[in-house]
Amino acid sequence: MDKKGETAVAVHRCRFVDYAPSAITALAFPPLPLPSIKGKKRTISGKQPIKFGLLAIGHANGNIDICEWTNQNTESQYSQAWVVRKTLPGPHPSKVDSLAFVIRHPEDLGHDEVPTQSDLRLFSSGGGSELLEWDIERGCIRRTISSQGGSIWSIAANPSSTSLALGCEDGTVRILSVANDTLSHARRFDRVKCRMLSIAWGPPVPKQSIASLSSSKVAGSSAQKEDESDESSDEDDEDEWEDSFLVTGGSDSSLRKWDVSTGRVVERMGVDKVRGERTLVWTVGVLGDGTIVSGDSLGMVKFWDSRTCTQLHSFQAHGADVLSMTISPEGKALYTAGIDQKIVQFTLIKTSSTEKGPFSTRWTQTTSRRMHSHDIRALAIWPPYTPLPPAHKRIFPVDIAPILASGGLDMSVVLTPAALPSSTVIKVENPLQTSTEAIFEDAYHRKLAYVSKGSVRVARSARLLSCAREGGLSVWKIKQKEDESAEPEPVSLEDAEQEEAFAGGYEKVLEMNFAVHSNIVAHEISDDGRWLVISDLYETKLFALSTEKPDISIKRVKDFSSILEAHIPASTSHPMSTGSLAFQFTPDASRLVLSTALSSYILVVDLTGDKPSVLRRFDHHRLQNSIVHDRVIKGRAIRAGAQDSQSKPKTNGHAMVNGHGDVEMSDINSPSPPPDADDKMDEEDDDESSSDGEGSALPAVVSVDRIAISTDGQWVATSDSRARTHIFNLDSISHHHTLPTFPSPAQCLAFDPTHPSVLLLAFPDNSIQIYDVETRQFPVWGKELAASLPRRFTHTHDPVLGVSFDPPAKPTPASLTSKGDEGKTRFVLFWGATWLFKASLDTRVKLGGKKRRRDGGPAQASNRPAPGGVPSTPGVNGPGGGEEATWRDFKMITHYRPILLCDFLARDELVVVERPLVDVLATLPPAYYKAKYGAS
């Protein structure tokens, strides 16, 4: 069974779960602030890492994924690229047709500064007459406004982030004011007899050019008046630009150019028709020099002169409808996509080296690529394009390739480096690390996995598997066959590709549909299968299950929501909600720990009585940043007594955040804070913070989306979107202490079942940290493991989604080692959408035979530091620590994909839930195909 440390497990390959990912219908990157027309032209330095903005992904089921670049502070090149950090649940039922970011206060940002999540406002439309504004921090709808013109077909924000244009069903363009964090109707353009299918803003015009006409008539101004005018103009930097014109594409085979100041049509441009039928102009765009680009239902891409409104170029680029378009950061390339699954690149090339002006260049269709299997609905590019006049055009670093994002019916976002061929003069860096090539035509693309974390759960003892959908849930039973010889044959995990799918050993035992206001955000099933909890954004529902009979019977705890509501204080900052973002049952199913969705409370619920009761509410994730015990903590209100700590930064076996946002570790052998220090601090915080966070500081707006409970039921770890992790003691039902704040939020948390006080944290860049919550230290062996992870794991493209420890044969105290496991190599199993990674927790002295990987060796260790920059510390027989070196077993397994869940049902029994792409595509309508005849 076990050959030289190889692990033998029974693998259940479950492909029966009918998880249905949703099509991608919209993509959006945030805009960049407009440059000052008075200052010098700024550029982004190529020597410093380029920053990457958020990526918003809109789905056909109404959900919006908010993706963050793996790490904003270290490198411009990361294998994991954008990772889903938050999902905004849409109303049930709903869809997303259009997305638009605007900057909340553009005047507060530098001209080259990339807006962060707190700087942005997100708007969406879903085919109805309501425009939704989202609260990105809380993950809910902030406000809505009616278009007053029927269904919204298109939305677009102006370059200065002060107005939002809506193309409506009734043939009007409505302008909404979003300046100063408001949302109101500003004006309505003239009505025409067609739907406004697409909309785009023209380049903004400097106000000085208009003011100079009137100022030229006034002569003899004194120097003092000039100085005063300069000062006043500096104060009105945000008003330096004004909008010039607007372009719309309609359902009547035409484009229209609108004068923004008058709201009237300046010119109408007609596109081609076939047999007299109307052509739909699905997408339009405007370049900095005023050139208008359109894509229509005939597959035509046309370029228009904005002054004369005449056609410049026409390309039969696609075989069917052109649905989306995006422009490269410098405006020298253009990308279109649509129903025929192709992405076509157009490039501005020079036609004459001697002439200057508009006739020295022309647009040419240069290349096309097919990276999707079905319709492409959305395109976006980073850095984003801003249509600025040529004199104010942005200059981006030429040594870093832009990234083109595309999505459609095949559910996967495709990221492609999009450098131009002219960039081959110097070496261009590919931020995705997919290949050395960064030119769009030759570079390798990569697909983001369409699996969502937390959609599938497992109950080990009850052998149940649950999968949540937008408004329902299904439960399957994994049968344990009576004939022991019929059990799945244990195979080496390294050779698990030989294991066939576990067919015939399962049955669906429960199918439920719920009356929910939003799509389901979280669910959990207890280990013994007695409890099931599920929540949308506004209500948590608890069900008692009975598995004694062949068919599962279910009973809802009707007053559970009211029980929770009694312990959630009312607030004016957010609506009353009992919805939850994360759940975790204790191993004995006697308690439930949950995090509230809109208010960020941690509730401990007792399930042992006649009806559930809330034992305690914790407010620690709502607290603002501070310095506690001489270390920076993101999430505590600053008290007067802590102010002196700012001048003397020290560490007590923990971490502190330096000026660059990195976490610095001190010697782990240094003394820890007093045992009762955190308890006293906990009491002070409870006294200082009122029910609504009123007191020394306003409550923090966070999402607590990660919860883990130790196998002995004593410890609870919770982590939020601000990368703060709190430890609670369930025995005393009190706050234990706070972990150091790492540069990025934890992707998953897990306690070691053999040593229940050992907590493992995995991060989006596939680095890890191991922390002992009882001793409040990072153990030496954990540092060694974190520093010795091989490059193949830390640089794999898909981020870690979960972690599972091989459970012990029998529950053992933390101080003892199971004798039944002697000679057995303990390991931890990380998993992502396309891989499993087994890491041995034991080190072995190399005795020959199969080559082992050396801890911390230069060839195998990752060249990227783990979160906090933890150095590798030699062990007892570690490198440099003795005559013999220690060796650790690592193994990457890529036979399963894509993976929805990987967990242990029992000792040496693993369940892997897959949702193969071929099964998902089988549920879609046929892809566009047009036969070509006469081709040789």
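Source: prediction; values computed, not measured. (Residues numbered from 1 in each chain as written. Predicted model: local features only at pLDDT ≥ 70, side-chain atom pairs only at ≥ 80, totals over all residues. Heavy atoms only, no water.)

### Side note on the overall build of the protein chain
Part 1: In terms of regular secondary structure, the protein chain is built from 7 helices and 62 strands.
Part 2: Counting across all 936 residues of the protein chain, residues that qualify as buried make up 58%.
Part 3: Considering only intrachain contacts with a sequence separation of at least 6, the fraction spanning at least 24 residues in the protein chain is 62%.
Part 4: Total accessible area on the protein chain stands at roughly 39,000 Å², and carbon and sulfur atoms take up 49% of it. (Helix = DSSP H or I, 4+ residues; strand = E, 2+ residues; numbered from the N terminus. Buried < 20%, exposed > 50% of the residue type's maximum accessible area, 1.4 Å probe, protein only. Contact = heavy atoms within 4.5 Å. Areas by Shrake-Rupley, 256 points an atom, 1.4 Å probe, with all protein chains shown as cover.)

### Notes on the pattern of salt bridges
Part 1: With the rule as written, the count across this model stands at 31 salt bridges.
Part 2: Note that Arg 195 is salt-bridged to Glu 169, the shortest N-O span being 2.9 Å. Of the two residues, Arg 195 is situated in the loop between β13 (184-188) and β14 (196-201) and Glu 169 in the loop between β11 (163-168) and β12 (173-177); the sequence distance between them amounts to 26 residues.
Part 3: Residue Asp 252 pairs with Arg 256 through a salt bridge whose shortest N-O separation is 2.8 Å. Neither Asp 252 nor Arg 256 differs from the other in exposure class; each is buried.
Part 4: Through salt bridges with shared partners, a single ionic network connects Arg 104, Arg 121, Glu 133, Arg 142, Arg 143 and Asp 181. (Salt bridge = Lys/Arg side-chain N within 4 Å of Asp/Glu carboxyl O.)

### Here's the deal with the UniProt feature "repeat: WD" (unreviewed entry) in the protein chain
Part 1: In the numbering used here, UniProt assigns the "repeat: WD" (unreviewed entry) feature to residues 242-268.
Part 2: Measuring from the first to the last C-alpha atom of residues 242-268 gives 23 Å, for a span that is 0% helix and 67% strand. (UniProt positions renumbered as here; feature names shortened; annotations may be inferred.)

### What to know about the sheet that holds strand β31 (residues 446-447)
Part 1: The strand order across the open sheet formed by 4 strands is β28-β29-β30-β31, and the pairing between neighbours is antiparallel. The open sheet has two edge strands with one neighbour each: β28 (376-382) and β31.
Part 2: Bridge count for strand β30 (residues 414-417) against β31 is 2 bridges, and the pairing is antiparallel. For Leu 415, the partnering residue across the bridge sits in β31 and is Arg 446. (Pairing = 2+ DSSP bridges.)

### Let's talk about the sheet that holds strand β32 (residues 456-459)
Part 1: Judged by pairing direction, the sheet is antiparallel, and its 4 strands sit side by side in the order β32-β33-β34-β36 without closing on themselves. Two strands in the sheet have a free side with no partner beyond their single neighbour: β32 and β36 (506-513). On average, each strand axis in the sheet is inclined to that of its neighbour by 20°, with strand direction left out of account.
Part 2: Relative to strand β34 (residues 472-478), strand β33 (residues 464-468) runs antiparallel, the two being bridged by 5 bridges. When the sheet's bridge partners are listed, Ala 468 is paired in β34 with Leu 473. (Axes fitted to C-alpha atoms, helices over the stretch in contact; angles between N-to-C directions.)

### Topic: the confidence of the model for the protein chain
Interpreting fine coordinate detail is not advised for predicted regions of low pLDDT.
Part 1: Mean pLDDT over the protein chain works out to 81, with 75% of the residues at or above the 70 mark.
Part 2: Predicted confidence is poor over residues 40-47, with pLDDT under 50, and the contacts of this stretch with residues over four places away or in other chains come to 13 contacts. (pLDDT = per-residue confidence, 0-100.)

### Comments concerning the packing of aromatic side chains
Part 1: Taken as a whole and judged by the stated rule, the model has 24 aromatic pairs.
Part 2: On the numbers, 5.9 Å between centres and 85° between planes, the contact of Phe 52 with Trp 82 is edge-to-face. Pair noted here: Phe 52 is in the loop between β2 (24-28) and β3 (55-59) and Trp 82 is in strand β5 (residues 82-88), with a separation of 30 residues, a long-range link. In this pair, the class of Phe 52 matches that of Trp 82, namely buried.
Part 3: Seen from their ring centres, Phe 303 and Trp 363 are 5.2 Å apart, and the 20° between their planes marks the pair as stacked. Here Phe 303, found in strand β22 (residues 300-304), pairs with Trp 363, found in strand β27 (residues 361-370); they are 60 residues apart in sequence, far enough to count as distant.
Part 4: Here Phe 303 falls in the buried class, since its relative accessible area comes to 0%.
Part 5: On the accessibility criterion, Trp 363 (5% relative accessible area) is buried. (Phe/Tyr/Trp six-rings, centres within 6.5 Å; stacked < 30°, edge-to-face > 60°.)

### Considerations on the nonpolar core
Part 1: Counting residues in hydrophobic clusters, the biggest one holds 34 residues, and the most contacted among them are Val 17, Val 456, Leu 465, Leu 836, Cys 902 and Val 913.
Part 2: For this core, the leading source of residues is strand β61 (residues 899-906), giving 6 residues.
Part 3: Ignoring anything within four residues of it in the chain, the contact list for Val 456 reads Val 17, Leu 465, Ser 466, Cys 467, His 523, Leu 900, Leu 901 and Val 913.
Part 4: Residues Leu 27, Ile 50, Trp 69 and Val 114 belong to the second largest nonpolar core, which totals 25 residues. (Core = buried A, V, L, I, M, F, W, Y, C linked by side-chain atoms within 4.5 Å.)

### A few points about the pairing of strand β49 (residues 704-709)
Part 1: By the criterion of burial, β49 is predominantly enclosed, with 6 of the 6 residues buried.
Part 2: Where β49 meets strand β50 (residues 715-720), 5 bridges bridge the pair, whose relative direction is antiparallel. Directly across from Ile 709, in β50, lies its bridge partner Val 716.
Part 3: Between β49 and β50, which pair antiparallel in sequence order, lie 5 residues; one of them, Gly 713, sits at a positive phi of approximately 75°.

### Re the side chain of Ser 198
Part 1: Residue placement: Ser 198 occurs in strand β14.
Part 2: Residue Ser 198 is classed as buried on the basis of its relative accessible area, which comes to 4%.
Part 3: A distance of 3.1 Å separates a polar atom in the side chain of Ser 198 from the backbone oxygen of Val 281. (Polar contact = N/O pair within 3.5 Å; in protein donor to acceptor, adjacent residues only side chain to side chain.)

### Regarding the environment of Leu 415
Part 1: Position of Leu 415 among the secondary structure elements: in strand β30.
Part 2: When near neighbours in sequence (up to four residues on either side) are disregarded, Leu 415 contacts Ala 81, Trp 82, Ile 403, Leu 404, Ala 405, Leu 432, His 445, Arg 446 and Leu 448.

### Some details on the pairing of β33
Part 1: Burial analysis of β33 places 5 of its 5 residues in the buried class, which makes it a mostly covered element.
Part 2: Burial along β33 is two-sided: the face carrying Leu 464, Ser 466 and Ala 468 and the face carrying Leu 465 and Cys 467 are both buried.
Part 3: One ladder, built from 4 bridges, connects β32 with β33; its direction is antiparallel. By the bridge assignment for β33, Arg 457 is matched with Ser 466.
Part 4: Linkage of β32 to β33, two consecutive antiparallel strands, is achieved through a turn of 4 residues, within which Arg 463 is found at a positive phi near 55°.
Part 5: Connecting the antiparallel pair β33 and β34 is a turn made up of 3 residues.

### Overview of the environment of Leu 54
Part 1: Assignment of secondary structure puts Leu 54 in the loop between β2 and β3.
Part 2: The class for Leu 54 is buried, based on a relative accessible area of 7%.
Part 3: Distance from Leu 54 to Val 114, taken between C-alpha atoms, is 9.5 Å for residues 60 residues apart in sequence.
Part 4: Those residues within four positions of Leu 54 in sequence are excluded, and the remaining contacts are Ala 28, Phe 29, Pro 30, Ile 66, Cys 67, Glu 68, Trp 82, Gln 117 and Leu 120.

### As for the side chain of Thr 248
Part 1: Within the secondary structure layout, Thr 248 lies in strand β17 (residues 245-250).
Part 2: Under the relative-accessibility criterion, Thr 248 is labelled buried at 1%.
Part 3: A distance of 2.9 Å separates the side chain of Thr 248 from the side chain of Trp 258, its partner in a polar contact.
Part 4: Apart from residues lying up to four places away in sequence, Thr 248 is in contact with Val 173, Met 196, Ser 198, Ile 199, Ser 254, Leu 255, Arg 256, Trp 258 and Val 284.

### Let's talk about unusual backbone geometry
Part 1: In this structure, Pro 93 follows His 92 across a cis peptide bond, with omega equal to -5°.
Part 2: Mapped onto the elements, Pro 93 comes out in the loop between β5 and β6 (98-103).
Part 3: Here Met 411, not a glycine, exhibits a phi torsion of approximately 75°, which is positive.
Part 4: Summarising the element assignment, Met 411 is placed in the loop between β29 (403-408) and β30.
Part 5: Classification of Met 411 as buried rests on a relative accessible area of 5%.

### Regarding a nonpolar patch on the surface
Part 1: A surface patch of nonpolar side chains, about 290 Å² in accessible area, is lined by Val 398, Val 425 and Ile 426.
Part 2: In this structure, Val 425 sits in the loop between β30 and β31.
Part 3: With a relative accessible area of 73%, Val 425 lands in the exposed category. (Patch = residues over 30% accessible without salt bridge, like charges linked within 9 Å, V, L, I, M, F, W, Y side chains within 5 Å.)

### Comments concerning the environment of His 374
Part 1: As for its position among the elements, His 374 is in the loop between β27 and β28.
Part 2: Taking the C-alpha atoms as reference points, His 374 and Ile 339, separated by 35 residues in sequence, lie 7.1 Å from one another.
Part 3: With residues up to four places along the chain from it excluded, the contact list for His 374 reads Gln 341, Leu 409, Asp 410, Leu 921, Leu 924, Pro 925, Pro 926 and Ala 927.
Part 4: At 3.2 Å, the side chain of His 374 forms a polar contact with the side chain of Ser 373.

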